[in-house]
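Examining the three-dimensional arrangement
Okay, here's what each chain looks like letter by letter:
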Amino acid sequence: MRINGQVYNLGLDNRTSLLDALRDHVGLTGTKKGCDHGQCGACTVLIDGKRVLSCLSFAVMNEGREVTTVEGLASADDSLHPMQQAFIDNDAFQCGYCTPGQIMSAIGCISEGHAGSEDDIREYMSGNLCRCAAYPNIVAAILQARDEMRRA
Amino acid sequence: MNQAAPAPKENMGNPIPRVDAGLKVTGQAGYPADLAVANVAYGVLATSNIAKGRISALRLDKARAMPGVLDIVSVGDMDGVDKPKFGNTGASSIGPLHDRTIFHDGQIIALVVAETFEAAEEGAMQISADYTQETPSASFDSAGAEMEPAAGKSPLFKEDVNAGDFEAAYSTAAVKIDQTYSTPTQHHNPIELFSTTAMWQGDKLTIYEPSQNVTGWKIELARQLNIDPVNVRIVSPYIGGAFGSKGPMTARTAIVAVAARRVRRPVRCVVSRMQAFNTQTYRAETRHRIRIGAGKDGRITAFAHEGWEVTSRPDPYVVGGTSATGRMYDYGSVLTRVSLVHADRNTPGYMRSPPETPYVYALENAMDEMAVALGMDPVQFRRINEPQKEPIGGKPFSSRSLINCYDQAAEAFGWSTRDPAVGSMRDGDWLVGMGCATAIYPTAAAPCAARVRLTADGQVRVQCGSHEIGTGVRTVAAQMAAERLGVDIDKVAVEMGDSALPPAPVSGGSISTASVCSAVLKACEAVREKLFVAAAGNDGPLAGSGNAKLDMTNEKVVTETGKSAKLADVFKAMQIGAIEEYAEFAPNGSSPEALKKLYAGQAEFHGGDQDKDSVKYAFGAEFVEVRINSYTREIRVPRMVGAFAAGRIMNTRTARSQLMGGMIWGIGQALHEATEIDQRHARYVNRDLQDYLVPVNADIKAVDVILVPEVDHEVNPAGVKGLGELGNVGTAAAVASAVYHATGRRIRDLPIRIDDLIT
Ligand code: FES
Ligand code: FES
């Protein structure tokens, strides 16, 4: 499996979810567990560019795939991805626990073409719960990042 | 600047981005279950599937035989460990592995420890038990539920109130209502799962666990394990949402510590979402009867609020929100009574504005009904009953900007465009309703310690054992230090969430900003004092400036007359490299033991209705527009406006976010949240995030937060009123008021669902 551009050869229990593989076996704990049942979105990662709930995917199913987690977003010089910066600018979190999942999902939402309007963003980001309820700020952040990503 | 960063008004600090924002958007913020631990074993809980009875046989053999299972801790394995205590730091007196009694559904019966999470999970599934069952009492109306008066059962709820002659005033009132209201069971459901990681090094125990009270837990855990508190350390650097759920320590912490001691390696137990519903606390269901009598002029002459709350069989958990509702308006007479109903349930606990959310909901819904009965505008009705002094003890408010909040929120909302006639406003297929309600939250503070170090290069380190649960307390502590020590905020590092740091009170009751900032302020003042003495001293760079008032800015000590000395030069004159000060803050009126109690993990709260001279509350006014589809009765909330006054606002960005989050919580309380209970089995039915509804992004549109300037020097040295729990008070009543306005349906039992509105 390639994770954030790096190849990992992992020997795993075939019951291990991709989420647990990332957190417990690779040491990438940026991806969060909020339910383990596909109900909260905290574990969202990109697999071959598409957003996936990593708690609902066995690690072994992803052999040979390219997984991107929140740790893989910043560029080599450590400068933030426009989505990360937009989340900071718009205070799109409080506790920050849902945030990695929100950010990955937001990037997926834009690349799917579901960030055309505020209503679209609200709808297509509704799989990512934020109990701190930063929703209006999350929408504002996605609008900001969308425009910057388009310009880039 | 964007919406997230409102321009500061009078007595408000800058909307500086959170100091930990970079860590949070890159996945580097370490929540307790993220912290790497070498050679860790995994623990998974097994829980009971009955609510009342005794375990007659526990079958562990199959689990023990599972590959990878290392050990099982179960009933009878807690020798030498004291039972948990119910109280400020302990969630419940139930020690699930101390005896075979089952007090509630989903009670812990064992912890399976294995090499891997998968093996532990599979092991836990293999555990079964035989029980002698009894019929459980699920809630208020169940056979066997026991009712008792709440007064005196908890140190937090001393007595009911009988001020003035309610009965006489009510019986002669020209206009009156007598109604009942109810709120459902709710679970906090922070997105971070609950977890405990325990590791021993010799006789020293370290716990990684999301906690709102690291000092309290250290003391309580040491008591349970019969070890010296100096050997216990609780580490909780970032907390993934709390809302009260991580305030009291549960029985799990000691169980995981025991397991780690037995297997001689660290054990990490992450509790499943489903098991958390029964092994953590929650907001219990409440019922209310409210009677209000008023003259034709709208002046209230009689107010009675009776409340009933569910708690567990053994523990008298009470919220008793009549303290706030009884002081809200200028009632001529006040009568309150709170009762507890014991059922076979896990013990409830604090959940965001524990007393105010249910009680003020009931009061404000009743106020709206009264306004209708009087034929009066609901804002005007509140204006008429605005008190000069609180009506129970006759004490003044240290400050009260409620009417100001109403004025500003009403204006921003466009309240004047509302046609008061029920069902009169429509937009195509949608019925439009507008409603409002008051928010109130007591302002308190508790003793707190902090250590501040300033070095010659202008670096500042603030240490305080408080907790970053998402409120931004790290950021406001950094702001306070940066402001007082005249350095850029980037030069301030804040350490929190560790019981090895100077103790802070539980992060509950919206006291953190006031308590932490007051302690940090005090430590900074001591640092300043030392620097000023040195700077103006004979050998100092500002020698000869006499008694001129000094200040610090831009890494300089400056005089009123414009002279200045670089920090580095003052330190040079002092021939030292750093100044470190440890300060202990105790609010006015604290008992002589208050600081001692702080170190013992007990927070002595001051403020609210507790002080002699005045009562202290923060207020707000919330306006909501609902749209109800005339065919499907779908309920939407396209916009809401809240105006809040809470003394000094340290940071308009974090303040707005907290209030906004609170208002959205209020939407959840009004329209979504309810833990459903199977009455036959006293069992929660919807124990996951699919069926326990919380607001999602698509439920929320425009949320406008107005910060109303307010200065209050009486509350605490920082002048800060807490606001983390203010935003969600009143919202549900505002929604109920708007639903009534749209449809003519008065819904008194939360949540308001489509089926309540279908004819
Ligand atoms: S942890 Fe995967 S959706 Fe919640
Ligand atoms: S920021 Fe706390 S859950 Fe979203």
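Residues numbered from 1 in each chain as written. Chains lettered and ligands numbered in written order. Predicted model: local features only at pLDDT ≥ 70, side-chain atom pairs only at ≥ 80, totals over all residues. Heavy atoms only, no water.

Right, let's get into the overall build of chain B. A tally of regular secondary structure across chain B gives 18 helices and 32 strands. A compact globule built from 759 residues should have a C-alpha radius of gyration of about 27 Å, and chain B, at 27 Å, falls within 12% of that. The C-alpha extent of chain B, read off along each of the three principal axes, is 85 × 70 × 50 Å. Considering chain B as a whole, with its 759 residues, one finds that 65% of them fall into the buried category. When contacts within chain B are restricted to residue pairs at least 6 apart in sequence, long-range pairs at least 24 apart make up 79% of them. (Helix = DSSP H or I, 4+ residues; strand = E, 2+ residues; numbered from the N terminus. Rg over C-alpha atoms; globule rule 2.2 N^0.38 Å. Buried < 20%, exposed > 50% of the residue type's maximum accessible area, 1.4 Å probe, protein only. Contact = heavy atoms within 4.5 Å.)

Take the overall build of chain A next. A tally of regular secondary structure across chain A gives 5 helices and 5 strands. Here the C-alpha radius of gyration of chain A, 15 Å, is about what a compact globule of 152 residues would show, namely 15 Å. A principal-axis box enclosing the C-alpha atoms of chain A has dimensions of 40 × 30 × 25 Å. The buried share of chain A, taken over its 152 residues, is 57%. Contacts in chain A between residues at least 24 apart in sequence constitute 58% of all its contacts with a sequence separation of at least 6. For chain A, the accessible surface area stands at approximately 5,700 Å², while carbon and sulfur atoms represent 47% of it. (Areas by Shrake-Rupley, 256 points an atom, 1.4 Å probe, with all protein chains shown as cover.)

On to the sheet that holds strand β4 (residues 101-102) of chain B. Paired through their backbone hydrogen bonds, the strands of a sheet run either parallel or antiparallel. Residue and element names in this part refer to chain B. Reading across from one edge, β4-β2-β6 is the order of the 3 strands in this open sheet, with antiparallel pairing throughout. The open sheet terminates on both sides in strands that have one partner only, identified here as β4 and β6 (128-133). Bridge count between strand β2 (residues 53-59) and β6: 6 bridges; the pairing is antiparallel. Each bridged residue has a counterpart across the sheet, and for Ile55 the counterpart in β6 is Tyr131. (Pairing = 2+ DSSP bridges.)

Let us look at the domain arrangement of chain A. All names here are of chain A. The domains assigned to chain A are domain 1 (2-72) and domain 2 (82-151). Domain 1 puts 15 residues into the contact, and the matching count from domain 2 is 16 residues. Summing both sides of the interface, domain 1 and domain 2 together bury roughly 1,200 Å²; the carbon and sulfur share of this comes to 55%. The largest share of the area that domain 1 buries against domain 2 comes from Lys32, Arg51 and Val70, three residues that together contribute 47% of it. The interface formed by domain 1 and domain 2 includes 1 salt bridge. Among the ionic pairs, Glu112 bridges to Arg51, the shortest N-O distance being 2.7 Å. (Domains from an automatic or database assignment. Buried area = accessible area lost by both parts, 1.4 Å probe. Salt bridge = Lys/Arg side-chain N within 4 Å of Asp/Glu carboxyl O.)

Within helix α3 (residues 117-125) of chain B, burial applies to Phe117(B), Glu118(B), Ala119(B), Ala120(B), Gly123(B) and Ala124(B). Tucked inside the fold, the buried residues of α3(B) contact α1 (18-26) of chain A together with β1 (41-47), α2 (61-64), β3 (69-74) and β5 (108-114) of chain B.

This next bit is on the pattern of salt bridges. Residue and element names in this part refer to chain B. In the structure shown here, the tally under the stated rule is 63 salt bridges over all chains. Close ionic contact of Arg289 with Glu306 constitutes a salt bridge, the shortest N to O distance being 3.7 Å. Here Glu306 lies in strand β15 (residues 300-311) and Arg289 lies in strand β14 (residues 286-294), a separation of 17 residues in the sequence. On the basis of relative accessibility, which here comes to 8%, the residue Glu306 falls in the buried class.

Turning our attention to the interface of chain A and chain B. The interface is formed by 48 residues belonging to chain A together with 57 residues belonging to chain B. Here chain A and chain B share an interface that buries about 4,300 Å² over both sides, 55% of which is from carbon and sulfur atoms. Across the contact surface, chain A and chain B share 6 salt bridges. With its nearest N and O atoms 2.6 Å apart, the salt bridge here joins Arg18(B) to Asp91(A). At the junction of chain A and chain B, the tally comes to 31 residue pairs in polar contact (both at pLDDT 80 or more). Listing elements by their share of the side of chain A that touches chain B, those giving two or more residues are α1, α2 (82-89), α3 (99-111), α4 (118-124) and α5 (135-151) of chain A. (Polar contact = N/O pair within 3.5 Å; in protein donor to acceptor, adjacent residues only side chain to side chain.)

Moving on, we get to the domain arrangement of chain B. All names here are of chain B. Parsing chain B into structural domains produces domain 1 (1-7 + 395-443 + 608-759), domain 2 (32-135 + 190-280) and domain 3 (445-606). Domain 1 puts 11 residues into the contact, and the matching count from domain 2 is 10 residues. The junction of domain 1 with domain 2 conceals about 920 Å² of combined surface from both sides, 62% of it contributed by carbon and sulfur atoms. The interface formed by domain 1 and domain 2 includes 1 salt bridge.

Turning next to the side chain of Arg633(B). Residue and element names in this part refer to chain B. With respect to the helices and strands, Arg633 occurs in the loop between β28 (617-629) and β29 (635-645). Buried Arg633, no salt bridge; nearest opposite-charge side chain is Asp429, N-O distance 11 Å. Among all residues touching Arg633, those that are not within four sequence positions of it are Leu431, Ile628, Thr743, Ile754, Leu757 and Ile758. (Lys, Arg positive; Asp, Glu negative; His and termini not counted.)

Let us now look at the sheet that holds strand β1 (residues 2-3) of chain A. All names here are of chain A. In space, the 5 strands of this open sheet follow the order β2-β1-β5-β3-β4, with mixed pairing throughout. Across the chains shown, the open sheet's two edge strands, defined by having one partner strand only, are β2 (6-7) and β4 (50-53). Two strands pair when backbone bridges link them, and β1 and strand β5 (residues 66-68) are joined in this way by 2 bridges, in the parallel orientation. Note that in β5 the partner of Arg2 across the bridge is Glu66. Across the sheet, α3 touches β3 (44-47), β4 and β5, and the angle it forms with β3 is around 40°. (Axes fitted to C-alpha atoms, helices over the stretch in contact; angles between N-to-C directions.)

All names here are of chain B. Here helix α6 (residues 252-263) is 12 residues long and its end C-alpha atoms lie 16 Å apart, about the 16 Å a rise of 1.5 Å per residue gives. Burial runs high along α6: 10 of the 12 residues are buried. Within α6, the full set of buried residues consists of Arg252, Thr253, Ala254, Ile255, Val256, Ala257, Val258, Ala259, Ala260 and Val263. (Expected span 1.5 Å × (residues − 1).)

Given two aromatic rings, one states the distance between the centres and the angle between the planes to describe the pair. Residues and elements named next belong to chain B. What the rule picks out here adds up to 17 aromatic pairs over all chains. Ring centres of Phe243 and Trp665 lie 4.7 Å apart, and the angle between their planes is 45°; this geometry places the pair in the tilted category. Residue Phe243 is located in the loop between β12 (232-235) and α6, and its partner Trp665 is located in helix α16 (residues 652-672); the two are separated by 422 residues in the primary sequence. Here Phe243 matches Trp665 in class, with each residue buried. Ring centres 6.4 Å apart and planes at 45° place the aromatic pair Phe413 and Trp415 in the tilted group. Each member of the pair, Phe413 as well as Trp415, is classed as buried. Clustering of aromatic rings is evident, with ring pairs tying together Tyr406, Phe413, Trp415 and Phe623. Directly above the aromatic system of Phe397 lies the positively charged group of Arg400, at a separation of 4.7 Å from the ring centroid. (Phe/Tyr/Trp six-rings, centres within 6.5 Å; stacked < 30°, edge-to-face > 60°. Lys NZ or Arg CZ within 6 Å of the ring centre and 35° of its normal.)

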